[in-house]
Each structure stands twice: as structure tokens, then as C-alpha cells.
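# Examining the three-dimensional arrangement
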Amino acid sequence: MSSVSSGNSLAIDGLVSGLKTTDLINSLMSVEGVPQTLLKNKLTSTNSFISSLQTINGLVQGLATKAADAAKATSLDLFTATSSAPSVTAVTGTGAGAGSISFTVGSTASAQVGVTAAMSTWSSEAQPITVVGADGRSTTVTPKSGSLDDAVSALNASGAGVTSTKVSAGTDADGNRLYRLQLTAAKTGASGAFQVYRGGADAVAAGTATNVLTETGAAVVTTAKDASVTLWAGTAAAQTVTSATNTFSGLVPGLDVTVSQVTSEPVTVTVGQDTTKAQGVASGLVDAMNAIASYYRTNTAVTSTTSVTSGTTTTKAGILLGDGASREAVQRLASTMSAPVDGKSPSTIGIVITKDGSFTFDAAVFQKALATDPDATQAMLSGVAAKVGAAATASSDKYTGSITTTITGQQAVAKDLTTQIDSWTDRLTSRRAALQTLYSSLETSLSKLQSQSSWLASQLASTSTAR
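All of the points below concern the structure found in this document. (Residues numbered from 1 in each chain as written. Predicted model: local features only at pLDDT ≥ 70, side-chain atom pairs only at ≥ 80, totals over all residues. Heavy atoms only, no water.)

### A short note on the sheet that holds strand β17 (residues 255–259)
Counted only if it meets this: Each pair of strands is called paired provided DSSP finds at least two bridges between the two strands. The numbering of helices and of strands both runs from the N terminus, where a helix is a DSSP run of H or I of at least 4 residues and a strand a run of E of at least 2. Every axis corresponds to a line fitted to the C-alpha atoms, with the helix fit spanning only the stretch in contact, and the corresponding angles, defined between N-to-C directions, vary from 0 to 180 degrees.
Ordered by their spatial adjacency, three strands build an open sheet running β4-β17-β16, and the pairing between neighbours is antiparallel. Edge positions in the open sheet fall to β4 (88–92) and β16 (247–252), since each of these has one partner strand only. Recorded for the sheet is a direction-independent mean angle of 30° between the axes of neighbouring strands. For β4 and β17, the ladder comprises five bridges, and the chain directions are antiparallel. Looking across to β17, one finds that V88 is bridged to V259.

Right, here's the structure in full:
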């Protein structure tokens, strides 16, 4: 007797008949399961197809994004800034234009830092502390006790724009440990200046509060100060510009300047077109288009492999071969990118189509065109990009794109296949249970027949003996 577990049911090989009922049931089920296997294979190929469509659709969407940026009338208006002094750096942004500006750096920004006199405790009891900012606004906090640690904690939690640190300052004549409180503004610039008083706001207003930064032994180590630069220094048009930080945003439109030290001689910042970045806008279109074409070629190629042992040759077609949506999209994009703009070929700015349908980018041709006629180069690039962008969007729009709608259709097919497979699973489970019941019944019937046969045989034997 042997037993085999199959699915969720226990199938027991024939005890009476000797038949391998488990093998019989499995053989019958493998035949009846063929339709489900075909559906599973179809689902696998459909999901692979969907995945490939989604990949190429993503590449086309990437091209559409690049094309939208390149199509702008100012897409090549990319600038970079250089400085005549290492202590001054400059960064260009939106609105920058070619030109230069000179200035001297009169000061750099600093945050106020002050230290109190040496002390062993802040006060004999929990005493209010008031911080007054440069704008006259005051913030009053009361420490939990008169200890220095509680004073530090209260100041740091006050939100008054001042941080406090306890710094060791030796010992007094009696051997008691002394400390100073270092008080630092949270921001640089004159607007970060502050005063710290023992006492509440009323006492400060009345003039009876003690300024801890003017007590004997206290000091303002660093004064709050704005950074400043002077344009056209030494002329009647001299103009000083200040900043709370060392960065001057928009010193001229689209130009941020950062200073790190005072200068006696004028520093010149020059803004010029960044031809490398401009080239990247054009070459980026070509790269994106080639990525699409390369993926399409790979996934439509027909490959053949020959078995070393059997010599049999197997041919396999690419997953996208025969798909009209992706084929049309690639052909339309290639045609659009190579089409003339106002009667001129894109090759005049270095965008060249090759015999195999891919594109190359000639940087030298682009740079020459940009230097010779920047307006015409911009117009050509914008024209090509606008047409390519429209074609790419028509194929990849998330709602109406031709490839997108194909993906949606195939996803519906996959969903239907999954439903059918699940239905077949239920059907086959029921069929297996029915077969197991049938064979079990056959075994039971056969057992009864054998019992009857044995009884009859015994009766016949007893009759023969009686004679």
C-alpha cells in the first residue's frame, strides 16, 4: 500500500485493485489542464508585451519632455559666470544675460558673538532673562532655577534667535568652577544683533535690567555685520549694496554673487553664454531619440539559435515585432526629427540621420552654427523640437497616446486571462475531487465484490466437503 499527496486531497492508490490511481488521476488532470496551461502561457507573453510597451512608452515620454524644453525660444539662453578673484564666486540663474559687472567688497557678513563675565551660577534664583533684537523686539524666558545649565536651556529653547553655550573659565579664589556663557546670533547680518538682560521686559524698558554683555569681564567678540559691495567705486555713481549673508542674490538679473573676503581692487564678474550646456540641449534630443530606436530594434529583431547536441535551429521574434503602435511611433519620430524646418535641414545644426535610421550629433557643426548665427540656430532647434515633441506626445500621452491606449488594451486582455485562469483552477480542483471520489467508489465496490466472491468460494468449498 502506498499513498501520494496531490493538491489539497489525499489520493490513496488502489488497495483492492492494485491500480496506481494517483498516476491515473494525474494523467487525466494533465490532459484536462491543457486549456489552462495555454491560458497561462498567453498571460505570460501578454505581460511581457505590456512591459516592453511600457518601456518604450517611457522612452518616448522622456523625449517629449526634452523636446518641450528645447522648443522654448530661450532654450539656448544658458549662461555661465566667471570671476576675476577666487574670493568671489558667481552663479547664473533664470533671467541671466551676457555682460559683466565690477565691484569692490567692503565687508563680509558676520553673526554677533558675545561672552558674559565668568560666573559660577546665573543667579541666586530663577530670574527672567530678556533678549532684545536689533528690531527692538524682546523675548523673555524664565529658567527653572538660577543655575547656568537651566539658563542655557531656557535661552536655547526661547526662539529668540540666540544660542547659548557654557564654556569653562577656570576657578575663583575659593576654588569654585567658573564658566562664561557664549551667546551667538542664529543668523548673520546686522539684523541679527542682540542684547541680553537679567530681568523682565518691564525692567528693560525702565532701564533697571542689567545688560550681561556690558558687565565687567563681558565682551562682544564679533559684531553683527552685513556684507557689502560697492559698484562703480570711486565714481560719482558709486552705489553700495548690502546683504545679511555673504550671498548677493540678483545683484544683476539672473546673477547671484557670493563673497568671502574684503577686496581693495575691483572684482569683475563676467557672464557669457554656456555653449557646452547649449550643445547639451541639442545633443540630448538626439540621445533620447537614439535610445528609442535602439530599444525598438532590439525588441523587433529575429534571432536564431542552433542546438549543439541536436542541431535543431530555433527562431525567436522580438516581442514588439508586428506591433503597429510602436512601429508607427518610431517611424514618425525619425521622420519628424529629420524633416526640414523653413526649408533647411536639421543637419545645419549637427542633427544628422544615418542610413539605418539612427541619428548622430556633430558638435563641431552645432558650435559653428551657434557662433555664426545664434538666432537661426535657436530657431532651427526650436522648430525641430516642437515637431518632435508633438509626435512624441501623440504616441505617449498618458490618456490618448497611441502606445498608451495599446497598453491599456493589453492590460484588459491580461485581466481577462487572469479571470479565466482562476476559473479553470476552480474547475480543475472540482474535477480532481470528482475523480478521487470515483476511484474511491470503484475500490469500495471492488472490495465488496471480492468479499462476496470469497464468501461464495467458501460456501462452495464447504458443500464439496459435505459430500
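### Quick look at helix α1 (residues 21–32)
It helps to recall that an α-helix has 3.6 residues per turn; residues three or four apart then point in one direction. We apply this condition: Here a helix's expected span is defined as the number of its residues, less one, multiplied by 1.5 Å. Relative accessibility thresholds used throughout: buried, under 20% of the residue-type maximum; exposed, over 50%; partly exposed, between the two (1.4 Å probe, protein chains only). What the arc covers is the set of directions going from the helix axis to the C-beta atoms.
Compared with the 16 Å implied by 1.5 Å per residue over 12 residues, the 16 Å span of α1 between its first and last C-alpha is a close match. Turning to α1, its buried residues number three or more, namely T21, T22, I25 and M29. Angular distribution of buried residues about the axis of α1 spans 100°; they occupy a single face of the element.

### Describing the sheet that holds strand β14 (residues 227–231)
If you trace the five strands from one edge of the open sheet to the other, you get β3-β18-β5-β14-β15, paired in antiparallel fashion. The outermost strands of the open sheet, each flanked by one partner alone, are β3 (79–83) and β15 (239–243). Going across the sheet, the axis of each strand differs from the next one's by a mean of 30°, ignoring polarity. In this sheet, β15 lies alongside β14 in antiparallel orientation, the contact comprising five bridges. In the strand pairing of β15, T230 is matched with T240.

### A word on the pairing of β16
Sheet analysis places β16 next to β17, joined by three bridges and oriented antiparallel. By the bridge assignment, T247 is partnered in β17 with T258. Here β16 folds back onto β17, and the loop between the two strands holds two residues, one of which, G254, carries a positive phi near 80°.

### Some points on the packing of helix α5 (residues 275–298) against helix α7 (residues 363–372)
Rules: The cut-offs work like this: below 35 degrees is roughly parallel, past 145 is roughly antiparallel, 65 to 115 is roughly perpendicular, and the gaps in between are oblique. If you view the pair so one helix is near and one far, a crossing is left-handed when the near helix is turned anticlockwise from the far one by less than a right angle, and right-handed when it is turned clockwise. In what follows, residue pairs with any heavy atoms lying within 4.5 Å of each other are defined as contacts. Three classes are used, and their members are as follows: Ala, Val, Leu, Ile, Met, Phe, Trp, Tyr, Cys and Pro are nonpolar, Asp, Glu, Lys and Arg are charged, and the others, Gly among them, are polar.
Packing of α5 against α7 brings their axes to within 10 Å, and their N-to-C directions diverge by 120°. The orientation of α5 with respect to α7, classified from their angle, is oblique. In this structure, α5 crosses over α7, and the sense of that crossing is right-handed. Contact residues: T275, T276, A278, Q279 and A282 in α5; A363, F366, Q367 and L370 in α7. Considered class by class, the residues forming the contact of α5 with α7 number five nonpolar, four polar and no charged.

### What about the pattern of salt bridges?
Opposite charge on two side chains lets them pair, provided their charged atoms get close. Operational definition: A pair is scored as a salt bridge if a Lys or Arg side-chain nitrogen falls within 4 Å of a carboxyl oxygen belonging to Asp or Glu.
On inspection of all chains with the given rule, the structure shows six salt bridges. We note a salt bridge from D69 to K72, for which the minimum N-O separation is 3.8 Å. In this structure D69 comes out as partly exposed when scored by relative accessible area, which is 42%. Linking K166 and D149 is a salt bridge whose minimum nitrogen-to-oxygen distance equals 2.8 Å. Of this pair, K166 sits in strand β9 (residues 162–171) while D149 is found in helix α3 (residues 148–156), placing the two residues 17 residues apart along the sequence. You can call K166 partly exposed: its relative accessible area is 33%. Classification of D149 as partly exposed rests on a relative accessible area of 44%.

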